[in-house]
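# Reading the structure
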Amino acid sequence: MMNWIDVGSADQLKVGEMKRVRVQGRKLLLCRTATGHYCVDEMCSHEDYSLWFGSLKNDSIKCSLHGSYFDLISGRPLNAPADCPLRTYPLEVLDGRVRINPDAKA
Ligand code: FES
């Protein structure tokens, strides 16, 4: 079953911005890059540290604690020390609204 949840308007974020959202008990991060919107777990897969303190670069997010980058599409870590993927979530933009599916894997 597709469980799409509205997390706000598409223009709430400018390119390069992130926003923390809590959806059904999950701490998630909405990100906007030049290519679109993405949704990933807020917490880094390396240690329990918020990626919200990090930054976006192209289609990746950088953890500011140890410097690992993660691909926003696949969740794959692009450099050490992180070696586990970040969970990513399906997202769609429809009629100017962003919706994510917290149950499915992107
Ligand atoms: S906590 Fe994110 S790279 Fe270490």
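Definitions and limits used
Think of each chain on its own: its residues are numbered from 1, step by step along the sequence as written. Where totals are concerned, whole chains, interfaces and linings use all residues; where local detail is concerned, this predicted model gives features only for residues with pLDDT of at least 70, and gives and counts side-chain atom pairs only at 80 or more. Only DSSP runs of H or I covering at least 4 residues are called helices, and only runs of E covering at least 2 are called strands; the numbering of each starts at the N terminus. Defined on buried residues, the nonpolar core groups Ala, Val, Leu, Ile, Met, Phe, Trp, Tyr and Cys residues joined through C-beta atoms within 7 Å. Put plainly, a residue is buried at 20 or more neighbouring C-beta atoms within 10 Å of its own, exposed at 12 or fewer, and partly exposed in between, counting only other residues' C-beta atoms, which are placed from the backbone. Here, residue contact means that the backbone-derived C-beta atoms of the two residues sit within 7 Å. Note on pairing: DSSP must find at least two bridges between two strands before they are called paired. Here, axes are lines fitted to C-alpha atoms. For helices the fit covers the stretch in contact, and angles between N-to-C directions go from 0 to 180 degrees.

### Looking at the environment of Arg 26
- With respect to the secondary-structure elements, Arg 26 resides in strand 3 (residues 26-33).
- Once the C-alpha coordinates of Arg 26 and Asp 41 are considered, the two residues, 15 residues apart in sequence, prove to be 7.8 Å apart.

### Overview of the nonpolar core
- Among the nonpolar cores identified, the biggest contains 22 residues, and Leu 29, Leu 30, Cys 31, Cys 39, Val 40 and Ile 61 are the most heavily contacted of them.
- Of all the secondary-structure elements, those providing two or more residues to this core are strand 3, strand 4 (36-41) and strand 10 (97-100).
- Sort the elements by how many residues they give to this core and strand 3 lands first, with four residues.
- Setting aside anything within four residues of it in sequence, one finds Leu 30 in contact with Val 7, Leu 13, Met 18, Lys 19, Val 21, His 37, Cys 39 and Val 98.

### Looking at the sheet that holds strand 9 (residues 91-94)
- Reading across from one edge, 1-10-9 is the order of the three strands in this open sheet, with antiparallel pairing throughout. At either margin of the open sheet sits one strand with a lone partner, and together these are strand 1 (5-9) and strand 9. Across the sheet, the axes of successive neighbouring strands diverge by a mean angle of 30°, strand direction being ignored.
- Here strand 9 pairs with strand 10 via four bridges, running antiparallel. Residue pairing in the sheet places Glu 92 in a bridge with Arg 99 of strand 10.

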